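Notes for the structure review
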Amino acid sequence: MNTPTATAPTAHPAVVSWVDEIADLTAPDSVVWCDGSADEWDRLTTQLVEKGTFVRLERKPNSFWCASDPEDVARVEDRTFICSQFRADAGPTNNWMDPVDMKTMMTEHYRGAMAGRTMYVIAFCMGPLDAAEPKFGVQITDSEYVAVSMQIMTRSGTAVWDRLTTGTAFVKCLHSVGAPLHEGRTDTPWPCDHTKYISHFPEERTIWSYGSGYGGNALLGKKCYALRIASKMAKDEGWLAEHMLILKLTSPEQKVHYIAAAFPSSCGKTNLAMLDPTLDGWTAETIGDDIAWLRFGEDGRLHAVNPEAGFFGVAPGTGLLTNPHAMDTIERGNSIFTNVALTDDGDIWWEGLTGTPPAHLTDWKRRDWTPTSGEPAAHPNSRYCTPIAQCPTVAPEWDDPAGVPLSAIFFGGRRATTIPLVTESLSWRHGVFLAATLSSETTAAATGKVGVVRRDPMAMLPFLGYHVGDYFQHWLDIGEKTSPELLPKIFYVNWFRRGDDDEFLWPGFGENSRILEWALRRIEGTAEAAATPLGHVPTPGALDLTGLKVDPTTIGAALRVDPTEWVTELRLIDELFATIGGNRLPDVLREELAALRQRLAAA
Ligand code: GTP
Ligand code: MN
Ligand code: MN
C-alpha cells in the first residue's frame, strides 16, 4: 500500500496520523484523498457503473440508478448508539454503550475490513465555508457510493482541505461497509455487513459507522454529525441543531418571512421546503429541507443555516402535482436515485411519480415488475440525492454564513386523530411543551413497524446526541437569551388528520401555504384566532380558502380539539414524562402539562 501521508493534501497532523492509524487497522489496498472535483465524480461513478452498483440513466444527464442490498434500506435506530462517558448523559431515548467497550468491540470489526478495497478520505464542511466558525469533518470510507454522495450532500474537497489547517477542529467520521474483499472473492453491487453499528462519541466529537451503506447510516455529515454530534456541540455552545427545513416566504405586499419546520422523517419537510403556494401572490423559496442550525444573530433573533448542500429526499409520492420543484431539480441531472424503479428506456419511476405506472419496470430488488406484480416498484424509503444549488426555487440566502432570521418555527407530526391542523402556541415555553410532546406515526424511513404512534420530541427522537430532559431545558434556556418579541413564534401543525371516511381532512402540499399565511398574519397581528385548550386555532373564516373546494365542516373537523381524544393523549404524555424522570424533566414542562390538563377539564 502507498503511505497515505505521502499524498496527503493536508499537513494537519491530527488528520494525517488518524488516517495512518485507520489505514493500518482496516488494511485497504490503497488510500485516495478526495478532491471533490468533477473528474473524481466521473472516475468514481464510472467505477460504480462497471461494478454494477450504478446504472447510468439515459433520460437524465449525469444521473444514476442504484439498488441497495434489500436489508440495507433505512436508518437502523436499534443499532444506533450514543456512547457518552456516562450512561445517564445519553438519556432514556438513546441506546448507550460504554465508549471504551464500544471502541474495543468495533475495532475488531474494523480490523482488515477494507481489505481489497480503496479507502477514501473526504474533507467536508457543514454549512457555508465562510462561516465565522466553520464546522469541519473528515470522513474515511471504503464506499465509492458514499464518496460521490458526499460530493452532493456537503461542501467538500480541495476548498475544505485548504481551510483545514493545522490545529483546526474537525469531527472524525469513520465508516466501513464491513465487507472485505479477500483474495478470490468477487464484490457484490452493494457490499455491507449483516452486523451494523452507528456509534457516536459525543464528548470526543467522533463517529464510527460500520456495516451499512445506506444514506442516514453512512453519509456521516448528515444525521450523525449535523444532528447527533452537533446537538451536543450546540448544547455546549448555546445554539440548536434541529431536524428542520428552512423556507423563505414573500407576501403579496413583498414582505419577507423566514420560517423553519420540524417534522419526523417522511412527514413532509422536503415537500414543504419546496412549497409551490396555491395562494395568489405568495412566493416560496427553499433554503434547507432537513437540517437547520439555529444561532442568535447580533440582532437578537434566531438565525437559521442549512448545514447541507444537497437534498436526500423521499422519492415515493414526489411528482409534478405534489412537488414540482423537486421534479425540476432532479430533471437537471447530477443526481443519484437509490431503491427506486428503473424504466426500460433508462429513466426512474416510483409510486406517485405519475398516475399510471409504465407497463414494465426493473424494481428496486432488480426484478422484472409489471403493474400486476402486487408489490411497490420502489422501496417506500427510496431516495433521490441531488444538489440544492440546482433547485429552481433555491433562495440566494441558502449559502449565507449569517443565516436567515426566523419569524416562526412549526412543529408537526403524522397523526390520523387528535392533533389539529394548526395551533398557535401561547408563549415560548408553551411552544416548547407542544414540541416536546410531539408525536407521529412511524414511517419507512427507519427499520421497524410502520404506523405506530410514538412520541418524537421536536422530531429529534432518533437524532439526539444527549439526554432528552437536558435538551428540553436547553430549548427553554434559549428562550431566555433574548427578548420575547424577538423569538420566533411556535406553531404546531398536522397535515395528516383523517375523517370518518379515513380520507385526509386537509389537501396538504401547496395548500399548506394557506396555513403558513394565517400563521404569518397572526405574527403581524392581522388574523383572527379562537382559544382552545391546546392553543389558538383559526376562527372560521380566518383561513384564506379562496379557490379551494373544501367543506367548512371538514375544516372544522381538522381544527377540532376533542377532549375525549385528549384523555388518551394526556396518558401518553404522562408516559413520556415518566421515562424522562423527575430530576431531569424541567418543571416548566410539568407545569405546562398541568395547565393543559386544567384547560381540557374546563372545556
Ligand atoms: P425525511 O427526509 O425522511 O426527514 O422526511 P421529510 O420530512 O422530508 O418527508 P417528505 O417531505 O419527503 O414527505 C414524505 C411523505 O409525506 C410523502 O409520502 C409525501 O407524499 C407526504 N406528504 C408531504 N406533505 C404532505 C401533505 O401536506 N399532506 C399529505 N397528506 N402528505 C404529505
Ligand atoms: Mn430527515
Ligand atoms: Mn426530506
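All values reported here derive from a predicted model rather than from experimental measurement. (Residues numbered from 1 in each chain as written. Chains lettered and ligands numbered in written order. Predicted model: local features only at pLDDT ≥ 70, side-chain atom pairs only at ≥ 80, totals over all residues. Heavy atoms only, no water.)

This brings us to the side chain of Ser231. Along the chain, the position of Ser231 falls in helix H9 (residues 221–237). Here the side chain of Ser231 touches Gly465 through a polar contact of 3.0 Å, landing on its backbone nitrogen. With near-sequence residues (within four places) excluded, Ser231 lies in contact with Ala241, Met460, Phe463, Leu464, Gly465 and Tyr466. (Helix = DSSP H or I, 4+ residues; strand = E, 2+ residues; numbered from the N terminus. Polar contact = N/O pair within 3.5 Å; in protein donor to acceptor, adjacent residues only side chain to side chain. Contact = heavy atoms within 4.5 Å.)

The next thing to look at is the state of the cysteines. The final tally for this structure, using the stated rule, is zero disulfides. A disulfide-free cysteine, Cys83 has its sulfur positioned 12 Å from the sulfur of Cys224, the nearest such atom. Cys391 takes part in no disulfide bond, and the closest cysteine sulfur to it belongs to Cys385, at a distance of 14 Å. (Disulfide = S-S within 2.5 Å.)

As enumerated under the stated definition, the model contains 25 aromatic pairs in all. Ring geometry for Trp428 versus Trp475: centroids 5.6 Å apart, planes at 25°, classification stacked. You can see Trp428 sitting in helix H12 (residues 428–436) and its partner Trp475 sitting in helix H13 (residues 468–478), a full 47 residues away along the chain. According to the relative accessible area criterion, Trp475 is buried, its value standing at 0%. Taken together, a centroid distance of 6.3 Å and an interplanar angle of 40° make the contact between Tyr471 and Phe472 tilted. With respect to class, Tyr471 is no different from Phe472; both count as buried. For Lys223, the ring lying beneath its charged end belongs to Phe463, and the centroid distance is 4.5 Å. Above the ring of Phe496, the side-chain terminus of Arg414 is found at 4.1 Å from the ring centroid. (Phe/Tyr/Trp six-rings, centres within 6.5 Å; stacked < 30°, edge-to-face > 60°. Buried < 20%, exposed > 50% of the residue type's maximum accessible area, 1.4 Å probe, protein only. Lys NZ or Arg CZ within 6 Å of the ring centre and 35° of its normal.)

Before going further, it helps to examine the pattern of salt bridges. Under the criterion given, the structure shown has 37 salt bridges. Glu77 is paired through a salt bridge with Arg75; the nearest N and O atoms lie 2.9 Å apart. A relative accessible area of 22% means that Glu77 is categorised as partly exposed. Between Glu591 and Arg429 there is a salt bridge whose closest N-O contact spans 3.2 Å. With Glu591 in helix H17 (residues 587–602) and Arg429 in helix H12, this pair connects stretches of sequence that are 162 residues apart. Looking at Glu591, the relative accessible area reads 42%, which means it is partly exposed. (Salt bridge = Lys/Arg side-chain N within 4 Å of Asp/Glu carboxyl O.)

Moving on: the site of ligand 1. Surrounding ligand 1, one finds 20 residues, the nearest of these being Ser266, Lys269, Thr270, Arg383 and Phe509. Between ligand 1 and the protein, one listed contact pairs an oxygen atom with a backbone N or O atom of Cys267 at 3.3 Å. Between ligand 1 and Phe509, the relevant distance is 2.8 Å, taken from an oxygen atom to a main-chain nitrogen or oxygen of the residue. Here ligand 1 loses 91% of its free accessible area of 660 Å² to cover by the protein chains. (Near = heavy atom within 4 Å. Areas by Shrake-Rupley, 256 points an atom, 1.4 Å probe, with all protein chains shown as cover.)

Looking now at the coordination of the manganese ion (ligand 2). Looking at the manganese ion (ligand 2), the protein donor atoms are Lys223 (NZ), His243 (NE2) and Asp290 (OD), and they sit 2.2 to 2.3 Å from it. Between the manganese ion (ligand 2) and the manganese ion (ligand 3), a separation of 5.1 Å is found. One end of the pair, Lys223, is in helix H9; the other, Asp290, is in the loop between strand E14 (283–288) and strand E15 (292–296), and 67 residues separate them in sequence. The exposure class assigned to Asp290 is buried, which follows from its relative accessible area of 9%. (Donors = N, O, S within 2.8 Å, 3.2 Å for Na, K, Ca; no water.)

Each assigned domain of the protein is listed here: domain 1 (4–51 + 75–237), domain 2 (241–307 + 395–602) and domain 3 (311–390). Placing the centre of domain 2 and that of domain 3 at their C-alpha centroids yields a distance of 29 Å. Taken together, the contacts link 14 residues of domain 2 with 16 residues of domain 3. Taken together, domain 2 and domain 3 are joined by zero salt bridges. Where domain 2 touches domain 3, the interface holds zero residue pairs in polar contact (both at pLDDT 80 or more). The set of elements that each furnish at least two residues to the side of domain 2 that touches domain 3 consists of helix H10 (269–273) and E14. Here the residues of the side of domain 2 that touches domain 3 are counted per class, giving seven nonpolar, five polar and two charged. (Domains from an automatic or database assignment. Nonpolar A, V, L, I, M, F, W, Y, C, P; charged D, E, K, R; others polar.)

Right, let's get into unusual backbone geometry. For Ala27, which is not glycine, the phi dihedral falls at a positive 55°. Within the element layout of this structure, Ala27 appears in the loop between helix H2 (13–26) and strand E1 (30–33). For Ala27, a relative accessible area of 35% puts it in the partly exposed group. Unusually for a residue other than glycine, Asn334 sits at a positive phi of about 55°. Positionally, Asn334 belongs in the loop between helix H11 (324–331) and strand E18 (336–338).

Turning our eyes to something else, we now look at the nonpolar core. The biggest cluster of nonpolar side chains holds 123 residues, and the ones touching the most others in it are Trp350, Phe411, Met458 and Trp475. Examining the composition of this core, we find that eight residues originate from one element, H9, more than from any other. Once you skip the residues sitting within four places of it in the chain, Trp475 turns out to touch Leu240, Glu242, Met244, Ile409, Phe411, Trp428, Val432 and Met458. The next biggest cluster of nonpolar side chains, apart from the first, holds 36 residues, and it includes Leu249, Ala273, Leu275 and Ala558. (Core = buried A, V, L, I, M, F, W, Y, C linked by side-chain atoms within 4.5 Å.)

Our next topic: the sheet that holds E18. Pairing in this open sheet of five strands is mixed, and the strands run E2-E3-E18-E23-E17 from one edge to the other. Edge positions in the sheet fall to strand E2 (54–56) and strand E17 (310–314), since each of these pairs with one other strand and no more. Within the sheet, the average angular offset between the axes of one strand and its neighbour, ignoring direction, is 20°. As judged from the three bridges shared by strand E3 (residues 64–66) and E18, these two strands associate in the parallel manner. Bridging across to E18, Cys66 finds its partner in Thr338. The sheet contacts of H11 involve E17, E18 and strand E23 (383–387), and relative to E23 the element is tilted by about 70°. (Pairing = 2+ DSSP bridges. Axes fitted to C-alpha atoms, helices over the stretch in contact; angles between N-to-C directions.)

Bringing the side chain of Asp562 into the picture now. Mapped onto the secondary structure, Asp562 falls in the loop between helix H15 (552–559) and helix H16 (563–580). Under the relative-accessibility criterion, Asp562 is labelled buried at 12%. Reaching out from Asp562, the side chain makes a polar contact with the side chain of Arg560 at a distance of 3.0 Å. In terms of polar contacts, Asp562 uses its side chain to reach the side chain of Thr564, at 2.4 Å.

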